[in-house]
Amino acid sequence: MRADGVFGLVRRASSEAPGASWTPALLVLPALLVIAGLLVAPLVHLLGFSFHRAVPGRMALEPGLTLVNYARLVTDGYYLGIMGRTVALSLIATLVCLIMGFPLAYFLWRAPVRWKGVFTLLVVAPLLISIVVRSYGWMVILGDSGVFNGLLIWIGLIDEPVEIMFTTTAVLIGLVHVQFAFMVLSILAALERIDPSLIEAAATLGATRLRAALEIVAPLALPGIVAGTTLVFSLCMTAFVTPTLMGGSGTRVMTTLVYHQFVTVFNWPLGAAVAALLFVLCLGIVFAFMRTVGRSARRMEA
Amino acid sequence: MRRLFHLAVGGIFLFMLGPLLVVVAVSFNGGNVTVFPPRDVSMRWYASALANRAFVSAVINSVALGATAAMLATCVGVAAALAIDRWRFPGRDALQSILLSPLVVPGVVIGIALLVSLTSVGLRDSASRLVIAHLLICFPYSVRTVLASLARIEPSLAEAAVTLGAAPRQVFWNVTLPLIRPGIAAGAIFAFVISLDNVPISIFLIDAHTATLPIAIMSYLEYNFDPSVAALSSMLILAACLLALLLERVFGLRRVLGF
């Protein structure tokens with residue numbers, strides 16, 4: 001354990017100085033105040049908001065607690081549809097990220113040392129580019145007069161441009177593009193803990209590369225796969241820019257519904273209820289997923 | 001089989017980098033509409049982007065906000081990381097999770113929670129609201145990079161300093177601080193990037209004068225689709241690449257991201 005760092009030594013060296021033990025508390029205090037005042041209190045306040053009824057036409061709340069907002073969300077087909085779409089889109093995007101992410105992580109892991117840094121940087125660096133810019137790139141590619149349609153028409157495959165922008169497919173492509181690197185990095189981190197000579201051993205014993213990758217490496221990389229899957233799933237559930245820019249009013253998801261309720265319709269309590277459900281749904285699914293996968297992983301080890 | 005694998009990897013790289021390359025190509029377009037490949041080459045859309053008052057004021061807003069938030073976040077984050085590093089009782093791991101918790105709450109949820117709360121306490125100044133919100137989402141990155149730096153310090157270094165008669169204060173200023181400086185710098189740079197890119201929180205807290213750059217681009221795209229956005233985006237891509245190289249040199253980009 002590394003608890004005895006520099007400060008441990010310093011503390012021991014200056015143990016006669018009274019009151020020294022208060023220093024860490026004072027140092028961490030500003031951060032804790034930020035969390036308490038700017039995160040916990042506002043979240044509690046927001047949750048309270050969701051249990052009130054909005055006064056129609058005015059930005060005010062009716063007194064008295066009510067479950068009417070939540071009741072509306074879980075009974076009205078419109079809202080249920082949005083929640084279903086959000087979860088379905090996130091699941092599919094995560095699956096696509098996994099299918100594309102594992103081979104790429106494997107490639108980076110096996111790449112010659114000289115090239116590994118460059119290739120990894122090519123995967124990671126786009127994370128620093130604004131999501132708005134990356135979504136704009138897809139708008140240029142997928143638009144009616146975009147690269148993709150232009151190419152298909154030029155080949156002669158189609159006569160009229162295919163409508164992709166502002167559909168669920170566009171949102172899906174955008175989500176995969178934005179979150180993909182997180183999947184690769186999670187799996188790569190797990191792969192780097194595996195001894196590469198295992199693959200050589202498998203080859204010596206007559207396994208093909210594909211078989212070694214799927215039957216030996218993939219199970220050992222499971223912790224990274226689980227971490228990447230949960231991370232990407234929750235990032236997709238809470239993505240805002242991609243569905244706003246690449247989707248339309250027919251592809252509304254929970255985050256854009258919150259925005260719509262707060263900024264366009266001014267029904268703050270309903271928006272707060274959607275936000276609370278989003279947060280709970282996200283945490284709940286992630287928690288359930290980790291439990292199931294954790295259990296099956298333990299069964300595999302046994 | 002092997003060739004197939006490399007083909008797939010090439011395809012994935014094309015998928016990742018294609019949209020960015022297309023943006024850069026389109027930005028040199030000479031015509032009036034966004035087409036790829038560009039018909040004739042010109043820098044006119046760069047001039048047009050730089051002459052757009054909404055874009056210019058958004059850049060100024062974003063840089064000012066990012067710098068302020070990164071500076072405050074670094075102060076708060078470094079102090080907290082130092083405290084965690086010397087913490088002795090069992091709550092240490094819990095404390096660390098609490099300090100990183102702003103990273104797991106959805107941005108939209110933080111945005112409206114702050115909108116509702118700051119409105120109810122009467123804080124209406126949009127610039128202050130933005131600084132407060134960005135401090136909250138930026139400081140965990142500083143905590144993370146500084147903790148990573150502290151964990152790599154060889155304990156024998158401080159030991160040697162103490163043996164040589166250094167006071168705790170001297171050990172901190174002359175040994176510990178210089179060693180964690182790359183972590184502090186990386187945390188500050190990354191905090192700036194996070195602030196610059198944020199949309200889901202800022203969008204609830206801006207007013208007509210405080211729109212940040214990504215939000216200005218989004219609202220421009222709502223009614224326009226000319227290549228001036230491509231020109232502006234290309235400049236942002238260039239800036240992001242430079243920042244990525246800087247972070248890679250100073251600290252390692254993967255470590256900054258926590259992988």
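Residues numbered from 1 in each chain as written. Chains lettered and ligands numbered in written order. Predicted model: local features only at pLDDT ≥ 70, side-chain atom pairs only at ≥ 80, totals over all residues. Heavy atoms only, no water.

### Some points on the overall build of chain B
The test is simple: Helix and strand assignments follow DSSP, with helices taken as H or I runs no shorter than four residues and strands as E runs no shorter than two, numbered in order from the N terminus. We get accessible surface area from the Shrake-Rupley algorithm with a probe of 1.4 Å; when it comes to residues, only the shown protein chains can shield them.
Assigned secondary structure in chain B consists of eleven helices and zero strands. Along its sequence from the N terminus, chain B presents helices and strands in the succession α-α-α-α-α-α-α-α-α-α-α. Its C-alpha atoms give chain B principal-axis dimensions of about 70 × 60 × 35 Å. When the accessible surface of chain B is totalled, it reaches about 11500 Å², and 67% of it is carbon and sulfur.

### As for the overall build of chain A
To keep things clear, this is the line we draw: With a 1.4 Å probe rolled over the protein chains alone, any residue whose accessible area is under 20% of its type maximum counts as buried; one over 50% counts as exposed, and the rest are partly exposed. Any pair of residues with heavy atoms lying within 4.5 Å of one another is described as a contacting pair.
Per the secondary structure count, chain A includes 14 helices and zero strands. Each helix (α) and strand (β) of chain A, taken in turn from the N terminus, gives the series α-α-α-α-α-α-α-α-α-α-α-α-α-α. Taken across its 302 residues, chain A has 50% of its residues classed as buried. Within chain A, residue pairs in contact and separated by at least 24 positions form 67% of the contacts whose partners lie at least 6 positions apart.

### Remarks on the interface of chain A and chain B
Rule in force here: What counts as buried area is the accessible surface, traced by a 1.4 Å probe, that two parts surrender upon association, with contributions from both included. Salt bridges are defined by distance alone: a side-chain nitrogen of Lys or Arg within 4 Å of a carboxyl oxygen of Asp or Glu. In the analysis that follows, any N or O atom pair within 3.5 Å is treated as a polar contact, provided that within protein one partner can donate a hydrogen and the other can accept it, and provided that, for residues neighboring in sequence, both atoms belong to side chains. Note on residue classes: Ala, Val, Leu, Ile, Met, Phe, Trp, Tyr, Cys and Pro are nonpolar, Asp, Glu, Lys and Arg are charged, and everything else, Gly too, is polar.
Contacts between chain A and chain B engage 86 residues on the former and 90 residues on the latter. The contact between chain A and chain B buries some 7800 Å² in all, and 84% of this surface belongs to carbon and sulfur atoms. Scanning the region where chain A abuts chain B turns up one salt bridge. The salt bridge partner of E192(A) is R254(B), with a shortest N-O separation of 3.0 Å. The tally of links from chain A across to chain B stands at five residue pairs in polar contact (both at pLDDT 80 or more). The element contributing the most residues to the side of chain A that touches chain B is helix α2 (residues 22–49) of chain A, with 17 residues. Taken together, the residues of the side of chain A that touches chain B sort by class into 66 nonpolar, 14 polar and six charged.

### Section: the nonpolar core
We count it as follows: Residues grouped as a nonpolar core are buried Ala, Val, Leu, Ile, Met, Phe, Trp, Tyr and Cys residues, joined through side-chain atoms within 4.5 Å.
Counting 176 residues, the largest nonpolar core has L46(A), L104(A), F262(A) and F139(B) as the members making the most contacts within it. When sequence neighbours within four positions are dropped, the list of residues in contact with F262(A) reads L46(A), W268(A), G271(A), A272(A), I112(B), L115(B), V116(B) and F204(B).

### Looking at the environment of L108(A)
Residues and elements named next belong to chain A. Here L108 lies in helix α4 (residues 77–110). Between the C-alpha atom of L108 and that of F119, which follows or precedes it by eleven residues, the distance is 7.0 Å. Residues within four places of L108 in sequence aside, it is in contact with K116, F119, T120, V123, V184 and L188.

### Some words on the packing of aromatic side chains
For clarity, the cut-off: Any two rings among Phe, Tyr and Trp, with Trp reduced to its six-membered ring, count as a pair given centres within 6.5 Å; such a pair is stacked if its planes are under 30 degrees apart, edge-to-face if over 60, and tilted if neither. Distance and angle both matter: a charge sits over a ring if NZ of Lys or CZ of Arg is within 6 Å of the ring centre and within 35 degrees of the ring normal.
The full count for this structure, using the stated rule, is 22 aromatic pairs over all chains. Judged by centre distance (5.3 Å) and plane angle (35°), the ring pair of F51(A) and Y70(A) falls under tilted. Of the two residues, F51(A) is situated in the loop between α2 and α3 (68–75) and Y70(A) in helix α3; the sequence distance between them amounts to 19 residues. Centroid distance F172(B) to W173(B): 5.2 Å. Interplanar angle 75°. Geometry classified as edge-to-face. Since its relative accessible area comes to 18%, F172(B) is described here as buried. Clustering of aromatic rings is evident, with ring pairs tying together F102(A), Y106(A), F107(A), W109(A), W115(A), F119(A), F5(B) and F13(B). The side chain of R110(A) reaches across the aromatic face of W109(A), ending 5.6 Å from its centre. Note that R255(B) overlies the ring of F251(B), its terminal NZ or CZ placed 4.1 Å from the centroid.

### Some thoughts on the environment of F180(A)
Position of F180(A) relative to the elements: it lies in helix α8 (residues 168–191). Between the C-alpha atoms of F180(A) and G228(A), which are 48 residues apart in sequence, the distance is 9.4 Å. Setting aside residues up to four positions removed in sequence, F180(A) forms contacts with C97(A), M100(A), G101(A), L104(A), I12(B) and M16(B).

### Looking at the side chain of T94(A)
Residues and elements named next belong to chain A. By the secondary structure assignment, T94 is in helix α4. Under the relative-accessibility criterion, T94 is labelled buried at 4%. With sequence-adjacent residues up to four places away left out, T94 is seen in contact with M183, T229, V232, F233 and C236.

### Some details on empty space enclosed by the protein
Residue and element names in this part refer to chain A. Convention followed: The distinction between a cavity and a pocket rests on a 1 Å grid over the protein atoms alone: a 1.4 Å probe fits inside a cavity but cannot get out, while a pocket stays open yet meets protein on both sides within 12 Å along at least five of seven lines, and a residue with an atom within 4 Å of a point counts as lining. Grid points are joined across faces, edges and corners, and a volume is the space filled by probe spheres set on the points.
Per the stated rule, a full pass over the model turns up one cavity of 30 Å³ or more. Approximately 50 Å³ is the volume attributed to the largest cavity. Lining the largest cavity are T86, L89, S90, V171, L175, C236, M237, A239, P243 and V253. When residues of the lining of the largest cavity are traced back to their parent elements, those giving at least two are α4, α8 and α11 (222–237). Considering every element that reaches the lining of the largest cavity, the biggest residue donor is α4, with three residues.

### Focus on the packing of helix α6 (residues 131–142) of chain A against helix α9 (residues 213–223) of chain B
Any two packed helices are characterised by the angle at which their axes cross and by the distance between the axes. Condition: Angles run from 0 to 180 degrees between N-to-C directions of axes, and those axes are lines fitted to C-alpha atoms, restricted for helices to the stretch in contact. Roughly parallel refers to an angle under 35 degrees, roughly antiparallel to one over 145, roughly perpendicular to one between 65 and 115, and oblique to any angle outside these ranges.
Packing of α6(A) against α9(B) leaves a shortest axis separation of 10 Å and a crossing angle of 25°. Looking at the two axes, α6(A) sits roughly parallel to α9(B). Counting all contacts with α6(A), which are made through V132(A), Y136(A) and M139(A), the residues of α9(B) involved are P214(B), I217(B), M218(B) and L221(B).

### Concerning the confidence of the model for chain B
As a reminder of what qualifies: Each residue carries a pLDDT score, the predictor's own confidence in it, on a scale running from 0 to 100.
Per-residue confidence for chain B gives a mean pLDDT of 89; residues scoring 70 or more make up 97%. Scored by ipTM, the complex comes to 0.90, with pTM at 0.89.

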